[in-house]
Amino acid sequence: MWRGIVPRILFIAASCVLLISLYLFFPSASLTTTTTQVQSSKNTQEGAKTSVHTTPTTTTTHPDEPIRACFVILVRNRELDGIVSTIRQVEDRFNKKFNYPYVFLNDDDFTEEFKQRTSELTQAETRYGKVDEQMWGYPSYINQTLAAENREEMARLGIPYADSESYRHMCRFQSGFFFRHPFLDDFDWYWRLEPDVDYHCDLDYDVFKYMRDNGKKYGFTIAFKEFGATVSSLWKTVLDFEKAHPEVVEHSPAKQDSLWRFVTDDNGQSYNLCHFWTNFEIASLDLWRSNDYLKFFHYLDRSGGFFYERWGDAPVHSIAAAMLLRKDEFHFFNDIGYRHTAYTHCPVEPEYRNKCSCDPASNFDYDPGLSCYTTYKAAIEGQ
Ligand SMILES: Nc1nc2c(ncn2[C@@H]2O[C@H](COP(=O)(O)OP(=O)(O)OP(=O)(O)O)[C@@H](O)[C@H]2O)c(=O)[nH]1
Ligand SMILES: *[C@@H]1O[C@H](CO)[C@@H](O)[C@H](O)[C@H]1NC(C)=O
Ligand SMILES: [Mg+2]
């Protein structure tokens, strides 16, 4: 009698142990998301871990839900010192209180030194991803001979970055692809950072929560005038897109409810060259992931202007947002003192003097030649 029961009990016990251990190791196998090359600050020596990638969970807007937001940084290994400088300021001014993760992207592999030094700057998670050739390369329909001839011609005219191929790949990537990198699937919001910029002011509230709770989709600090020769045929292509895709115009707010007047002074005849600088952006990823924007990007991409001209991601983002969003979905982050290259936004109001380290005299907002801030204000306030 015992001979029959003992093996049976052993079998049942073994099955239980097996089931429990399966459960412990894979508690929610179906919910696992991207963790390729994830490096936490506690785990800096060990380079990359790989696991399953599945579709992201759906967006929620409950006020108590944690916010799925990250910093996104496209950067080269040789810009390490510059990005260390930026991150130290971002941590000090904001993120040490909030611990939003950082997503680093590169068209090359990040070096161990890069991963080590950047991950040591934060308690937050850091991820290091590579961009593939589909997101960073010539589409088959681009005539590279023509592109090279045009680069030469633009260089002759003294246009900034005229002869750079990588700059064009960068602008195309930032226009149409960064939000589709698998590392961003876990997020609904992003804050774009660049090397060698300054963040001048303490921020003691959660900017992402502000965006979400106030129905904002696109936040900026500096509005600038583009170098016209880089976007010669962009506006015509935008108008052609509107003709080819009336359904997108139909989904979009009426022109007087949008920021259309931020990008055109003559009711759509021409582009006034105004755009929000994209080296800083706090925005919704859903905006770029929408069907309407994807159609828009694809249309521009097919026309070849990223390569035959030198369309920047800033005019592309701004024109699209001016078309697709309502005015009240934009936010000017006056309280974020910020410098990129020679231009600074510095909040001038007295209450910022003990929070910010910038000189209000350096504020670029009202620069008569290059700033588009007053155009923005007029478009926001106009009927
Ligand atoms: N990985 C990678 N990153 C790049 C490349 N080109 C530009 N970037 C990054 O893309 C962002 C924009 O490039 P920038 O060269 O700063 O362009 P910009 O802001 O228009 O011009 P600057 O006035 O020189 O700052 C920065 O974060 C760069 O680090 C590239 O070829 N590879
Ligand atoms: C590509 O551009 C060059 C230079 O303008 C031109 O001579 C050539 O015919 C073009 N090739 C194609 C396939 O259109
Ligand atoms: Mg820059």
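All values derive from a computational prediction rather than experimental measurement. (Residues numbered from 1 in each chain as written. Chains lettered and ligands numbered in written order. Predicted model: local features only at pLDDT ≥ 70, side-chain atom pairs only at ≥ 80, totals over all residues. Heavy atoms only, no water.)

## Some thoughts on the state of the cysteines
Inference 1: Going through the model one piece at a time under the given rule, you end up with three disulfides.
Inference 2: Covalently, Cys201 is tied to Cys356 through a disulfide, its sulfur atoms 2.1 Å apart. Torsion about the S-S bond of the Cys201 and Cys356 cystine: about 110°, corresponding to right-handed handedness. Placement of the pair is Cys201 in the loop between strand 6 (198-199) and helix 6 (207-213) and Cys356 in the loop between strand 13 (343-345) and helix 14 (373-381), with a sequence separation of 155 residues.
Inference 3: The exposure class of Cys356 is buried, given its relative accessible area of 11%.
Inference 4: Each sulfur in the disulfide pair Cys346 and Cys358 lies 2.1 Å from the other. Between Cys346 and Cys358 the sulfur-sulfur dihedral comes to about 80°; the bridge is accordingly right-handed. A residue pair is termed long-range when its members are at least 10 positions apart, and Cys346 in the loop between strand 13 and helix 14 and Cys358 in the loop between strand 13 and helix 14 qualify at twelve residues. Comparing Cys346 with Cys358, the two get one shared label, buried.
Inference 5: Described in terms of the sequence order of its bonded cysteines, the disulfide pattern of the protein is 1-4, 2-6, 3-5. (Disulfide = S-S within 2.5 Å. Helix = DSSP H or I, 4+ residues; strand = E, 2+ residues; numbered from the N terminus. Buried < 20%, exposed > 50% of the residue type's maximum accessible area, 1.4 Å probe, protein only.)

## Here's the deal with the sheet that holds strand 12 (residues 338-340)
Sheet strands pair by backbone hydrogen bonding; their relative direction is either parallel or antiparallel.
Inference 1: Within the open sheet, the three strands sit side by side as 6-12-13. Their pairing is antiparallel. A single partner strand is all that each edge strand has here, and the edge strands are strand 6 and strand 13.
Inference 2: Here three bridges tie strand 12 to strand 13, and the two strands are oriented antiparallel to one another. From the neighbouring strand, His340 faces strand 13, where its bridge partner is Tyr343. (Pairing = 2+ DSSP bridges.)

## Focus: empty space enclosed by the protein
Inference 1: One pass over the structure, following the stated rule, counts one cavity of 30 Å³ or more.
Inference 2: Empty space within the largest cavity amounts to approximately 40 Å³.
Inference 3: As for the largest cavity, its lining consists of Lys255, Gln256, Ser258, Arg261, Lys327, Ala379 and Gln383.
Inference 4: The residue makeup of the lining of the largest cavity, split by class, is one nonpolar, three polar and three charged. (1 Å grid on protein atoms, 1.4 Å probe; cavity = no way out; pocket = protein on both sides within 12 Å on 5 of 7 lines; lining within 4 Å. Points joined across faces, edges and corners; volume = space filled by probe spheres on them. Nonpolar A, V, L, I, M, F, W, Y, C, P; charged D, E, K, R; others polar.)

All we've got here are geometric facts, nothing functional implied.
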